[in-house]
Structures are given as C-alpha cells and as structure tokens.
Amino acid sequence: MSALATERSVAIQAVLQASRVCQSVFQHLVANETLTKNDKSPVTVADFSAQAIINTYLHKAFPNDPIVGEEDSKDLRGDAGKILREKVHSLTNGVLDESEKLSEDQILEAIDRGNYAGGAKGRHWALDPIDGTKGFLRGGQYAVCLALIVDGQVQLGVMGTPNLPVDPAKPDGEKGTLFITVRGQGAFQRSFSTPTETKIHFSDIATTEEATFCESVEAGHSSHGDAAEIAKLLGISRPSVRMDSQAKYCSISRGDGDIYLRLPTSKTYVEKIWDHASGSLLVTEAGGKVTDVNGKPLDFSIGRTLEANKGVVAANTKIFDRVLESVQKVLSSKL
Ligand SMILES: Nc1ncnc2c1ncn2[C@@H]1O[C@H](COP(=O)(O)O)[C@@H](O)[C@H]1OP(=O)(O)O
Ligand SMILES: [Mg+2]
Ligand SMILES: [Mg+2]
Ligand SMILES: [Mg+2]
C-alpha cells in the first residue's frame, strides 16, 4: 500500500461530503432567497457545516490527530447563536447518512476540534472549510481545502471545487472537481460523481510570453496593478483569468493558467496556513514551483500563519525564475 493511503481516502470522503453540504447550503439559502447585499449568513452556515463534517470524519479515523481549522463555534453558542446553530444542524444532517447524523452538541464539539495551534512537531491537519467566501456567495469559485502537515511539511492535500468544470475545455459541462495530491505521488483530479482519477500537470509552455495569469477577483487580496506591471515585464498579452479562492492553485496545476501571484496589498496581512497548504503541494506535485515574493519557501512549521513569508508566487517550473525576478523588480520599485 502506498504511503498515506488511508489518510488520502479519508480526506477524499471528508472533502466530498463537505463540498456537498456547501452545494446544499447554496441551493437552500442563496439560490432560493433574496439576499441583501451584505448578508453573509449563508456562507457562515456552510463554513460551520463543512468544518463540522470534516473534523468528524478526521476524528473518527485519526482520533489523535490535531486540526488547525479556520472556524470556531463561538457564534453558534447560547441564545445569540440559536438560529444559526439550528440552520447548521439541519443542513449538516441533510447530507449525512442516517448512521452519521450529529446532535447540535456534537457539531459544536467537532468544529472546536479545529483549535490546534500548529507548529513544527508531529502531524496535524489544516482546514479551510470554505476558501473564497465571496466566490461562494456569487455562485463563482470556492474551495474546500484540507491538508496533512507532518513535522512542518505538507504531505497531503485534497481540495473540492464544487463550481469548477471537470473538463476545462467544456466550461458548461459537469461541475464539481476534486484535486488530490500526496508528496512524491503526483497530482490528480476526479469529478465529484465518479472515483476515476486523472493525473494532472502544468501546461508545457516554455516562455513567459505564452503564459496566462490567474489572479484574485478581489483587488484587496492581491494587487491587480502590480500584477499588470509584472505581466508587462514578462511580455504577457493574454488577459488574466480572475477567480476567487484556492481554485487558482487547481487551475494552474492542470494547465488552465500558468502563474498565480498573491501580491501583498498591506504590510500587516499575514497569510494563513489553511489558505496555501493543499494548493502549494498540488502545484509542486504537478510540476510547478511555489515560494513567497522574496523567493523563500512557504514555511508551514510556525503555527497557524505563514508568519515568515510575504505573499505567494506559484508558476510553471520552466518560467518560475523569470516570474520571480519580475515580481521582485516591480515590488522593489514600490518600497
Ligand atoms: N488583505 C488580504 N490579503 C490577502 N488575502 C486576504 C486578505 N484578506 C483576506 N484574505 C484571504 O484571501 C482568501 C481569498 O482570496 P481570494 O480573493 O484570492 O479568493 C481568503 O482566505 C481570505 O481570508 P478570509 O477567509 O479570512 O476572508
Ligand atoms: Mg481562506
Ligand atoms: Mg475560509
Ligand atoms: Mg474566512
């Protein structure tokens, strides 16, 4: 049996079920209701439900593994949290089998199992139950992201992207793609509906002129202006593909785009490990390279954040050095 085979299959089941609960919340609370512009509650319900489901699956299979999860149950407790708690409870159980159903207390307990501080020793999971909350609300891209970190190094990543087409050549075809990677074993994708996996890899472009950028929709999360300047230096003329969430890591890993930059927009923002753990391993296993904007490897050994890093540069290995050089040229001119 290959290394981490059990972890791989548990992570796949957990992410699939969590992705289904997100789809169900979207159908129940977003698609069928008129939302006021600032009503973020549907995504909150989906966030909590997805974290409860994944932590329950992980705890059942690996009771001693700690979890670094983005959410905690504070907003679901007491009288103030009653309405939200009831929604999370009913929507979570709506996708679970009869034997798996959870009580309200079990849901709260499961969510709070994500309170681990992280660090350099031993193994722990890193979970972003929904990455790309804005994408979720727009019916655009979002991702359920789970990674296993051992002694500070990401060893396994599974990402569910409910709105990403299975076949990029058929944008109106089946949606719901799962991305799976284990260190040293390559990168794979499959649909939500069929377990057959296909190996994925970066496109085989050799020059930056042929490249396409994949960037955040939100300019507040990564500077569009700096990206445009970098594109110019690299001779890129194709328009950037903009999408929310870690689906950007997935897209470049299967060759839909070639470069993903997260260019700091503030001096104070610190990236979180759950936003990059699974995506960065997917990229390296698919033939790409990832560092921060200073060319330093992402350091997952510090705790819940990537405190030692600034921004992210991910690209096809063949063009990576030129991309990083241009990133540094543009960013250093801003200092
Ligand atoms: N100022 C910021 N710079 C970079 N990333 C940010 C910033 N503020 C929030 N984020 C995170 O960016 C991710 C979404 O990125 P994108 O726009 O590329 O889809 C989310 O995980 C979000 O965190 P959070 O989940 O706390 O909102
Ligand atoms: Mg996130
Ligand atoms: Mg999130
Ligand atoms: Mg968040």
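Scroll up to find the structure.
A brief structural summary. (Residues numbered from 1 in each chain as written. Chains lettered and ligands numbered in written order. Predicted model: local features only at pLDDT ≥ 70, side-chain atom pairs only at ≥ 80, totals over all residues. Heavy atoms only, no water.)

1. Section: the nonpolar core
Counting residues in each nonpolar core, the largest one holds 49 residues, and the members touching the most others are Cys22, Ile54, Trp125 and Phe136. Beyond its immediate sequence surroundings of up to four residues, Trp125 is in contact with Glu7, Ala11, Leu58, Phe62, Asp65, Pro66, Ile67, Val68, Leu146, Ala147, Leu148 and Leu156. Of all hydrophobic cores here, the second largest spans 33 residues; its members include Ala126, Ala143, Leu281 and Leu306. (Core = buried A, V, L, I, M, F, W, Y, C linked by side-chain atoms within 4.5 Å. Buried < 20%, exposed > 50% of the residue type's maximum accessible area, 1.4 Å probe, protein only. Contact = heavy atoms within 4.5 Å.)

2. Observations regarding the coordination of the magnesium ion (ligand 2)
Taken together, the protein ligands of the magnesium ion (ligand 2) are Asp128 (OD), Asp131 (OD) and Asp275 (OD), with distances of 2.0 to 2.1 Å. Ordering the donors of the magnesium ion (ligand 2) by residue number gives the pattern D-x2-D-x143-D. Between the magnesium ion (ligand 2) and the magnesium ion (ligand 3), a separation of 3.6 Å is found, and both are coordinated by Asp128. For the pair Asp128 and Asp131, one class covers both residues: buried. (Donors = N, O, S within 2.8 Å, 3.2 Å for Na, K, Ca; no water.)

3. A few points about the sheet that holds strand E4 (residues 153-165)
Judged by pairing direction, the sheet is mixed, and its seven strands sit side by side in the order E1-E2-E3-E4-E5-E6-E7 without closing on themselves. Sheet topology places strand E1 (67-69) and strand E7 (198-199) at the edges, where each strand pairs with a single neighbour. The sheet contact formed by strand E6 (residues 187-191) and E7 spans two bridges and is antiparallel. When the bridges of E7 are listed, Phe188 appears paired with Lys199. The strands that helix H1 (residues 5-31) touches are strand E2 (123-131), strand E3 (143-150), E4, strand E5 (175-182) and E6; relative to E4, the one it contacts most, it runs at about 30°. (Pairing = 2+ DSSP bridges. Helix = DSSP H or I, 4+ residues; strand = E, 2+ residues; numbered from the N terminus. Axes fitted to C-alpha atoms, helices over the stretch in contact; angles between N-to-C directions.)

4. Digging into the site of ligand 1
Neighbouring ligand 1 are 14 residues, the closest being Ser216, His221, Ser245, Lys248 and Arg262. One nitrogen or oxygen atom from the main chain of Ser245 is found 2.5 Å from an oxygen atom belonging to ligand 1. In the complex, 78% of the free accessible area of ligand 1, which totals 560 Å², lies under the protein chains. Among the residues forming the shell around ligand 1, the class breakdown is one nonpolar, five polar and eight charged. (Near = heavy atom within 4 Å. Polar contact = N/O pair within 3.5 Å; in protein donor to acceptor, adjacent residues only side chain to side chain. Areas by Shrake-Rupley, 256 points an atom, 1.4 Å probe, with all protein chains shown as cover. Nonpolar A, V, L, I, M, F, W, Y, C, P; charged D, E, K, R; others polar.)

5. A short note on the pairing of E2
The element E2 is largely enclosed, with a buried count of eight among its nine residues. Note: E1 against E2, three bridges, orientation parallel. What sits directly across from Ile67, in E2, is Trp125. Note that E2 and E3 share seven bridges and pair antiparallel. Bridge pairing links His124 to Ile149 in E3.

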